[in-house]
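Overview (structure and organization)
The residues making up each chain are set out below.
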Amino acid sequence: MEISNRIRGFQASPIRRLSPYARAAKARGIKVYHLNIGQPDIKSPKEALDAIHSYPNDIIAYGESDGDLELRKALVRYYGDSVGVNITTDDVLITTGGSEAILFSLMALCDPGDEVIVPEPYYTNVHSFARMANVSIVPVTSLLEDNFALPPLNMIEERITSKTRAILLNSPNNPTGHIYSAKELEIILDMCERHDIFLIVDEVYREFCYDGLKFTSILSYEKYSERVICIDSVSKRFSMCGARVGALICRNRNVIRETLKLSQARLCSPTVEQHASLAAFGAPSEYLENVKKEYEKRRNFVVKALHSIPGVKCSRPNGAFYLIARLPVEDAENFSIFMLRDFDYKGETVMLAPAEGFYESKDLGRDQVRIAYVLNTEDLGKACECLKEGLKAYNNREI
Ligand SMILES: Cc1ncc(COP(=O)(O)O)c(C=O)c1O
């Protein structure tokens, strides 16, 4: 009996695949600081937790395939009041996380063999979603030296072929923390229009913009609304990653009508968690203001701490809660394994996500790691101390 070649072609998540080493380190009594995964330590809004504790129904029933109407209405209000764009409930499909919204977008726009252009490094699970949809990712490389700004337009344009169906952006970006400017977005939209392709923008981190930067949603450009899909999620906004509630937002009726067939096939998104997400949108505005302040403080702290480690270079992210750092090692995956398997500093170590898996092009990012600054500054300080000592030990070890 054989399993499929398709499944063999999938990659194990670079964020999670070193987990067995972390488990073994913990079994040896070592404390592991997790900088590998974007699981915030921030509490979910009280309103959401209360809604779960007081769930009023006797049956956890199937819900509507396009999502709970009250939640869709809450999203419409939130977009109007907080994002500054007008949408209607007809533009919103609730999905099982932003993840499903990305997969549905690819399925809706592309036939097998079609291509989607994505600046790399990029959110690594997109690789798997593309494989599920039999779509090829065509990368355009952005550089640490440029703080991962959008690559020059001609580099993107020359990747467009007759098979290109869409460009996929993520802003604020995981893993780089980069935010595309309104100007950059306009240039890309104009290019999509000229080539008659779609633009998908994943905005799941839109609340987390630092240095006073104002976020511009792709939905603000009404002139292009027929060719734009926006990906959203409660996971990071409300620290509700386990709720698995997201949204696909699109003003193109055809896209929504056709994508609904996929929503119907998987019946519905989680019922109780949609109820909790609805409550989360009722949290006072200070909730998000405080979360943003906390991440900005952590960003400032971790960038300074990393720059003080000899040989380490990192981008200065102005959004989300990730950054890419270049380490003074040849192979960041080997080093990350060393940190978990062979090293501890005062009984502690750190888990990193090797960045190679965030690139589509071969041999890029080998000396880079992604760092998620989702720990409080005290723990971030200890984690950076471990990293500094670990690099010394790794580069002085006898081979
Ligand atoms: C850029 C980006 N998009 C989408 C997702 C998936 O989010 P969700 O938990 O809503 O599926 C993540 C999760 O880390 C992400 O970083």
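Worth saying up front: this structure is predicted, and the values here are computed from it rather than measured. (Residues numbered from 1 in each chain as written. Predicted model: local features only at pLDDT ≥ 70, side-chain atom pairs only at ≥ 80, totals over all residues. Heavy atoms only, no water.)

Some remarks on the site of the ligand
Heads up, the rule is: A cutoff of 4 Å decides nearness: a residue is near a molecule or strand if any of its heavy atoms lies inside that distance of it. Here a polar contact is taken to be a pair of N or O atoms separated by no more than 3.5 Å, where protein atoms must pair a possible hydrogen donor with a possible acceptor and residues adjacent in sequence count only if both atoms sit in side chains. Runs of E in the DSSP output that reach at least two residues are strands. Runs of H or I that reach at least four are helices, and both are numbered from the N terminus. As a working rule, the residues Ala, Val, Leu, Ile, Met, Phe, Trp, Tyr, Cys and Pro are called nonpolar, Asp, Glu, Lys and Arg charged, and the rest polar, with Gly in that last group.
Surrounding the ligand, one finds 14 residues, the nearest of these being Gly98, Ser99, Asp202, Tyr205 and Ser233. Take Ser235: an N or O atom from its side chain is 2.7 Å from an oxygen atom of the ligand. Between the ligand and Arg244, the relevant distance is 2.8 Å, taken from an oxygen atom to a side-chain nitrogen or oxygen of the residue. With 4 residues, the single largest contributor to the shell around the ligand is helix H5 (residues 97-109). A breakdown of the residues in the shell around the ligand according to their chemical character gives 4 nonpolar, 7 polar and 3 charged.

Comments concerning unusual backbone geometry
This is how it is decided: Only protein chains enter the calculation, and the probe is 1.4 Å; a residue is then buried if its accessible area is under 20% of its type maximum, exposed if over 50%, and partly exposed in between.
Here the bond from Glu120 into Pro121 is cis, since omega is 0°, no more than 30 degrees from zero. Structurally, Pro121 is set in the loop between strand E3 (115-120) and helix H6 (125-132). The phi torsion at Asp211 lies on the positive side, around 60°, for a residue other than glycine. Relative to the helices and strands, Asp211 resides in the loop between strand E6 (198-202) and strand E7 (228-233). A positive phi angle is found at Lys346, which is not glycine, with a value near 55°. Relative to the helices and strands, Lys346 is located in the loop between helix H12 (332-341) and strand E11 (348-351). When its relative accessible area of 70% is taken as the criterion, Lys346 is described as exposed.

Here we look at the environment of Gly67
Filter applied, for reference: Contacts between residues were defined by any pair of non-hydrogen atoms, one from each residue, lying within 4.5 Å.
Looking at the element boundaries, Gly67 is found in the loop between helix H3 (46-53) and helix H4 (69-83). Distance in space between the C-alpha atoms of Gly67 and Arg194 is 34 Å, their sequence separation being 127 residues. When sequence neighbours within four positions are dropped, the list of residues in contact with Gly67 reads Arg72, Ile94 and Gln274.

Concerning the sheet that holds strand E2 (residues 92-95)
Selection criterion: By the convention used here, strands pair only if DSSP detects at least 2 bridges between them. Axes, fitted as lines to C-alpha atoms, cover a helix only where it is in contact. Angles between the N-to-C directions of the axes lie from 0 to 180 degrees.
Read across the sheet, 7 strands follow the order E2-E8-E7-E6-E5-E3-E4 without closing on themselves; strand pairing throughout is mixed. Across the chains shown, the open sheet's two edge strands, defined by having one partner strand only, are E2 and strand E4 (136-141). The mean angle between the axes of side-by-side strands here comes to 25°, regardless of whether they run parallel or antiparallel. Pairing analysis gives 4 bridges linking E6 to E7, with the strands arranged parallel. Residue pairing across strands places Asp202 opposite Ile231, the latter belonging to E7.

With respect to the pairing of E4
The following threshold applies: Crossovers are marked right-handed if the path from the first strand over the helix to the second runs clockwise, as seen with the strands pointing away from the viewer.
Pairing geometry for E3 and E4, over 6 bridges, is parallel. Note on E4: the bridge partner recorded for Val116 is Ile137. For the crossover that starts at E3, traverses H6 and ends in the parallel E4, the hand is right-handed.

Looking at the pairing of E3
In terms of burial, E3 is largely enclosed, as 6 of its 6 residues are buried. Here E3 shows no split at all, with Glu115, Ile117 and Pro119 on one side and Val116, Val118 and Glu120 on the other all buried. Two elements, E3 and strand E5 (residues 164-170), share 3 bridges in a ladder whose sense is parallel. Opposite Ile117, over in E5, you have Ile167 as the bridge partner.

Observations concerning the domain arrangement of the chain
Which entries qualify depends on this criterion: Reported domain spans reflect what an automatic or database domain assignment gives. Joining two parts hides part of their accessible area as seen by a 1.4 Å probe, and the buried area is that hidden amount summed over both. The term salt bridge refers to a pairing of a side-chain nitrogen on Lys or Arg with a carboxyl oxygen on Asp or Glu at a separation within 4 Å.
Splitting the chain by domain gives domain 1 (5-43 + 286-396) and domain 2 (46-280). The distance between the C-alpha centroids of domain 1 and domain 2 comes to 26 Å. The interface of domain 1 with domain 2 comprises 40 residues on the first partner and 35 residues on the second. Of the roughly 3,400 Å² buried between domain 1 and domain 2 on both sides combined, carbon and sulfur atoms contribute 56%. Of all residues in domain 1, Asn318, Phe358 and Glu360 bury the most surface against domain 2, accounting for 19% of the area lost on that side. Here Arg326 and Glu145 are joined by a salt bridge, their closest N and O atoms 2.9 Å apart. Taken together, domain 1 and domain 2 are joined by 23 residue pairs in polar contact (both at pLDDT 80 or more). Of all the secondary structure elements, the ones that give two or more residues to the side of domain 1 that touches domain 2 are helix H11 (285-307), strand E9 (313-314), strand E10 (322-326) and strand E13 (368-372). The greatest single-element share of the side of domain 1 that touches domain 2, amounting to 7 residues, is contributed by H11. Looking at the side of domain 1 that touches domain 2 residue by residue, the classes come out as 20 nonpolar, 10 polar and 10 charged.

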